[in-house]
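Single-letter residue listing:
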Amino acid sequence: MKGVIMAGGSGTRLRPLTCNIPKPMVPVGNKPMAEHVVALMTEHGFDDITFTLHYLPDAIKNYFGDGSDFNCKIGYSTEEGKPLGTAGCVKAIQDRLDSTFLVISGDTLTDMDLTAALKFHKERKSKATLVLKRVENPLEYGLVITEKDGRIKRFLEKPSASEVFSDTANTGTYILEPDVLNYIIMGQEQDFSNDLFPLLLLRNEPMYGYVMDGYWCDVGNLQMYRQAHKDILDGIVKCNISYSQKDPGDIYIGAGSQIDQTAKVHGPALIGKDCRIGPNVEIGPGSTIGDNVVIQEQSSIKQPVIWSNVYIGKKTQLRACIVCNNATVHDGAEILEGGIIGENTSVGQESIISPDVRVWPDKVIESGSRVVTSLVWGTKAPRTIFSTNGVRGLANVELTPEFAVNLAAAYGSVVKSGPVLVSRDYWPVSQMISRAISAGLQSVGIEVQNLEASALPISRYYVKTQRAAGLIHIRISQREPEKIMIEFFDNQGISIPKNMEKKIEATFFKEDFPRCKPSDIGRIAYPSLVREYYKQDFLEKVKGQVFEEDAVPFCVMPGSKFTRKTRSGSIATQAPKVVLDYAMSETGVILPDLLGQLGVETVVLNSSIRANAPRQDERMAMRRQLADVVRALSADMGVQIGRNGEQMTLVDETGHIIRGELLLALVADIILRDKPGQTIVVPVNSSSVIERIAEKHKCQVVRCKASDADIGHWTAKSSNVALGGSANGCFIFPEFQNGYDAMFAVGQVIEHLTYQGRTLSEAVKELPPLYYQVGSVHCPWERKGQVMRLLVEKHQEKPIDLVDGVKIKTGPDHWILILPDAVEPVMHVFADGSDLSKTSADLSEYTQMVKYLQES
């Protein structure tokens, strides 16, 4: 006898189970649903089967082949383009159906008596027989009313509550005569329930309903999917389980599986082939475990559905969840009731997947994460939102407009009142995210002042001049242009503290946003004169600077270059010439105008904005170009501006590029020379040449953690601070503002060199010797703590500084610092001292030590 299995649907209500496989191939009881259907059909003599396919057809073809492995003959019909509907796809194979045939859904689990249904069909001389089932909740199904002899007199497809007139549901299984296909138009989308059967009823064709007595489950959603597994294990449905039974008879175990003698398995349970169950594992009743699954020691498994080729680490807890093929669940992770882990997904150590959270395929859940909302796009679910500098991620993949709206709403819920300033860099993706940020703030009643495209130093300066709650700035990452950053600052332009970040994260994950009434939606304004406020104060601070008792305010007069200016000495008579490189990525090109008003001649390079942010290698090429231009024009210095106006790289008049620790030392010496008794703030990994410079100028040094936020905090909060900075080329002058500002830094360098009568190259030559080296070692996240602990234990007899990382004194004037990277699985090793060979030896020794300790 012939039969048709309809297997064309994509199973959207079963997502993410059906992302990579068609719905009929989703396993139930460790077999694809369609295999259960094929087995039922062949049992009742329907051994000439045709699959109608549409979504991922090759998965079904490759599994079933010609049907010889399943004791039947199998053919296929694939719908190309637009689906034809349940009736249309059967019409397409009309030439194969020359006698009574069966139509059944490929995503049904049933043990219905098809032989009895066929007999009923023949006895009634029916043209179409619908197999019916009495159900408790008829709203989900097509309903049918029949006469006493079973002839159908009325039916309705999936009624509303007011339309329920029966509890007899259409199971989607039909026995048909070939001539009913003549009522279907070839190539047109048509459905059995909505098109063919009403037409047969209208034409008074003999159409009957056979009410089945057995089990039937439409596995149409995740709830029914879990219910189907429970029914198999409870024996409610007659289903062939090809595994041996273990006493007391309700535990099925596949061939080749090894279960540790200390493991406890409580029936009913199903364990597939070639599984390994470790010591002290507890598998509770109602658990289904696929083939080739590894469950490590002390794990607790209760009522999950685990597909094949899955690894479950030590001390994990799985509760009534679904784990799909090739997933990895690391040690200590928890997947709670209703959670779904898609194929090829990795769940990190001690992560928690909250109830009913769905994780789509191919994701990486980082160690320690708590995932409270479904993870569909991107590849990661971070353990927190905030990283070292605000929130960062792949633009429009991890950081989407939807994410930004919720993040801004969470921030607005924490600050409670506005206005909040929003600014961004020039790039279109930043503009998109800034609009989403503004919408999120407005949705919780916060007023927004949109500064639009603005250099970050200008935005940070402006926020402290306003009575604003804070500032949110969006920009592309300079190091990784495919990533975007969302940074948060308080009303003084300082990065928000960690405790506020935690509050925002908690609100974000709870999605506990106090959405306001339409009448209370926050307003949005576009302030004017933002740059003018900045420029005015910039000029006042630079012109009004007084260094010594005999100093005059900075002004460049015609006649000489960087010549010392005092009340009794010579005065500059020729303007310095400075070449500015904006690297095709900076907004707010106002520095030439500012320096021009101070009498400085400027030449500008690469000021136009490109369509895409330049890569690191392109920025380096632009630096070399800058050096060539400085030499060619006999300029006094060159400056490359980066990081949306925060960062600078200098080039001296000989074309030598100055960056890194040398730049930090140079700026420190230039500024502190005229600021005796004041303080400089630098991170713990900066070279000790800073202490030698400070000592020479009778200044103090404050060292803090190696993060921009800590440098900003200590610079703003410490007393009598002249500047803060680090080797990344970013500097803070608290007399002007509390954030990094490359424009003001350039003005200060020019002013102080002019006052001191030195050129940039002369200032470099006067620096103390700098012996400083850096290395990096790959180190898995889970080994970082171990490495740091072993380092401390190993050096208990030596002076150790634990401000950030582990800083070890290796000799007089020599130290080594091992610092875990906050973003990457890397350990950084910094070596500093007064002798190059000793510094190099220290770096080599401790780099090898970190490699050894992570393997201990």
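No experiment lies behind these values; they were computed from the predicted model shown.

Engineer: Mind showing me how you'd approach the overall build of the chain here?
Structural biologist: The number of helices and strands found in the chain is 20 helices and 57 strands. Expected size for 856 residues packed as a compact globule is a radius of gyration near 29 Å; at 36 Å, the chain overshoots this value by more than 25%. Within the chain, the fraction of its 856 residues that count as buried is 55%. When the accessible area of the chain is evaluated, it comes to approximately 35300 Å², of which 48% is carbon and sulfur surface. Side chains of the chain give 92 positive and 103 negative charges; the mean places of these two sets differ by 2 Å.

Engineer: Where do I start with empty space enclosed by the protein in this structure?
Structural biologist: Once rolled over the atoms, a probe with the size of a water molecule shows which space is left empty. For the structure on display, the rule yields four cavities of 30 Å³ or more. Approximately 210 Å³ is the volume found for the largest cavity. Lining the largest cavity we find 21 residues, and of these Asn389, Glu487, Phe489, Ser495 and Ala709 sit closest to its centre. Taken together, the elements giving at least two residues each to the lining of the largest cavity come down to α9 (456-465), β42 (483-489), α10 (498-510) and α16 (708-717). A per-class count over the lining of the largest cavity returns eight nonpolar, five polar and eight charged.

Engineer: Sorry, what's going on with the state of the cysteines here?
Structural biologist: When the sulfur atoms of two cysteines share a covalent bond, that bond is a disulfide. Taken as a whole and judged by the stated rule, the model has zero disulfides. Left unpaired, Cys239 is separated from the closest cysteine sulfur, that of Cys217, by 12 Å. This cysteine, Cys321, is not joined by any disulfide, and Cys324 carries the nearest cysteine sulfur, 10 Å off. Given the relative accessible area of 0%, Cys321 is considered buried.

Engineer: Teacher, can you tell me more about the sheet that holds strand β49 (residues 679-683) here?
Structural biologist: Note: strands within a sheet are paired through backbone hydrogen bonds, in either parallel or antiparallel orientation. Taken together, the four strands give an open sheet; going across it, the order is β50-β49-β51-β52, and neighbouring strands pair in mixed fashion. Edge positions in the sheet fall to β50 (700-704) and β52 (731-732), since each has one partner strand and no second. As defined by bridge partners, β49 adjoins β50 across five bridges and the pair is classed as parallel. In the strand pairing of β50, Ile680 is matched with Val701.

Engineer: Hey, could you run me through unusual backbone geometry in this one?
Structural biologist: Note: most residues except glycine have negative phi, and most peptide bonds are trans. Cis rather than trans, the peptide bond between Arg15 and Pro16 has omega equal to 10 degrees. With phi around 55 degrees, Glu350 is a residue other than glycine that occupies positive phi space.

Engineer: Help me out: how do you make sense of the pattern of salt bridges in this one?
Structural biologist: Pairing between side chains of opposite charge can happen when their charged atoms approach one another. Taken as a whole, this structure holds 25 salt bridges when the rule is applied. One salt bridge in this structure joins Asp628 and Arg631, with 2.5 Å as the shortest N-O distance. In this pair, Asp628 and Arg631 are both assigned in helix α13 (residues 616-632), three residues apart and thus about one turn of the helix distant. Residue classification places Asp628 among the partly exposed residues on the basis of a relative accessible area of 43%. The partner of Arg673 in a salt bridge is Glu766, and the shortest N-O contact between them spans 3.1 Å. Here the residue Arg673 occupies a position in the loop between α14 (660-672) and β49, and Glu766 occupies one in the loop between α18 (760-765) and β53 (771-778), the gap between them amounting to 93 residues. Note on Arg673: relative accessible area 29%, which makes it partly exposed. Each of Arg460, Arg475, Glu487, Arg643, Glu646 and Asp708 takes part in a single network of salt bridges with overlapping partners.

Engineer: Would you take a moment to explain the side chain of Asp107 for this structure?
Structural biologist: One can find Asp107 in the loop between β6 (101-105) and β7 (108-110). Within the structure, the side chain of Asp107 is placed 3.0 Å from the side chain of Lys23, a separation counted as a polar contact. Within the structure, Asp107 has its side chain in polar contact with the side chain of Ser105 (distance 2.4 Å).

Engineer: Mind showing me how you'd approach the packing of α14 against helix α15 (residues 689-696) here?
Structural biologist: For any two helices packed against each other, one specifies the crossing angle of their axes together with the interaxial distance. Their axes nearest at 10 Å, the elements α14 and α15 cross at an angle of 10 degrees. It follows from the interaxial angle that α14 and α15 lie roughly parallel. Between α14 and α15, the contacting residues are Leu664, Ala665, Ala668, Asp669 and Leu672 on the first element and Val689, Ile690, Ile693, Ala694 and Lys696 on the second. For the contact of α14 with α15, the residue count by class is eight nonpolar, no polar and two charged.

Engineer: Just checking my understanding: could you explain the nonpolar core for this structure?
Structural biologist: In summary, soluble globular proteins display a tendency toward joint burial of nonpolar side chains. Counting residues in hydrophobic clusters, the biggest one holds 64 residues, and the most contacted among them are Phe538 and Met648. With nine residues, the top contributor of residues to this core is α14. Core analysis: the second largest hydrophobic core is formed by 58 residues, Leu14, Met33, Leu40 and Tyr76 among them.

Engineer: Just checking my understanding: could you explain the confidence of the model for the chain for this structure?
Structural biologist: Regions with low pLDDT should not have their predicted coordinates read in detail. On average, the chain scores 88 in pLDDT, and the residues at 70 or more come to 91%. In this model, residues 159-165 is a region of pLDDT below 50 whose contacts with residues beyond four sequence positions or in other chains number 16 contacts. Note that pLDDT drops below 50 for residues 544-560; the model gives that stretch 54 contacts with residues more than four away or on any other chain.

Engineer: Just to check I follow, could you spell out helix α7 (residues 401-415) for this structure?
Structural biologist: Every α-helix winds through 3.6 residues per turn, so residues three or four apart in the chain are directed the same way. Across its 15 residues, α7 extends 21 Å between first and last C-alpha, which sits within 8% of the 21 Å expected from 1.5 Å per residue. Of all the 15 residues making up α7, 11 are buried; the element is thus mostly covered by neighbouring parts of the structure. Turning to α7, its buried residues are Phe403, Ala404, Leu407, Ala408, Ala409, Ala410, Tyr411, Gly412, Ser413, Val414 and Val415. Where α7 is buried, its residues contact β38 (390-394), β39 (420-424), α8 (428-443), β41 (470-476), β42 and α10. Just past α7, the residue Lys416 takes up positive phi, approximately 70 degrees.

Engineer: Help me understand the packing of α7 against α10, please; the structure alone is not making it clear to me.
Structural biologist: Orientation of α7 relative to α10, taken along the N-to-C sense of each, is 125 degrees, at an axis distance of 8 Å. When the axes of α7 and α10 are compared, the pair comes out oblique. In terms of crossing hand, the pair formed by α7 and α10 is right-handed. On α10, the residues touching Phe403, Asn406, Leu407, Ala410, Tyr411, Ser413, Val414 and Val415 of α7 are Met500, Lys503, Ile504, Thr507 and Phe508.

Engineer: What am I meant to see in the sheet that holds strand β18 (residues 269-271) here?
Structural biologist: Ordered in space as β14-β15-β18-β21-β24-β27-β30-β33, the eight strands form an open sheet in which the pairing is mixed. Strands at the two margins of the open sheet, each flanked by one partner only, are β14 (244-246) and β33 (358-359). Examined bridge by bridge, β18 and strand β21 (residues 287-289) share three bridges and lie parallel to one another. Residue pairing for β21: Ile271 is matched across the bridge by Ile289.

So, how was this worked out
- Residues numbered from 1 in each chain as written.
- Predicted model: local features only at pLDDT ≥ 70, side-chain atom pairs only at ≥ 80, totals over all residues.
- Heavy atoms only, no water.
- Helix = DSSP H or I, 4+ residues; strand = E, 2+ residues; numbered from the N terminus.
- Rg over C-alpha atoms; globule rule 2.2 N^0.38 Å.
- Buried < 20%, exposed > 50% of the residue type's maximum accessible area, 1.4 Å probe, protein only.
- Areas by Shrake-Rupley, 256 points an atom, 1.4 Å probe, with all protein chains shown as cover.
- Lys, Arg positive; Asp, Glu negative; His and termini not counted.
- Charge placed at Lys NZ, Arg CZ, Asp CG, Glu CD.
- 1 Å grid on protein atoms, 1.4 Å probe; cavity = no way out; pocket = protein on both sides within 12 Å on 5 of 7 lines; lining within 4 Å.
- Points joined across faces, edges and corners; volume = space filled by probe spheres on them.
- Nonpolar A, V, L, I, M, F, W, Y, C, P; charged D, E, K, R; others polar.
- Disulfide = S-S within 2.5 Å.
- Pairing = 2+ DSSP bridges.
- Salt bridge = Lys/Arg side-chain N within 4 Å of Asp/Glu carboxyl O.
- Polar contact = N/O pair within 3.5 Å; in protein donor to acceptor, adjacent residues only side chain to side chain.
- Axes fitted to C-alpha atoms, helices over the stretch in contact; angles between N-to-C directions.
- Parallel < 35°, antiparallel > 145°, perpendicular 65-115°, else oblique.
- Contact = heavy atoms within 4.5 Å.
- Core = buried A, V, L, I, M, F, W, Y, C linked by side-chain atoms within 4.5 Å.
- pLDDT = per-residue confidence, 0-100.
- Expected span 1.5 Å × (residues − 1).
- Left-handed = near helix turned anticlockwise from the far one by under 90°.

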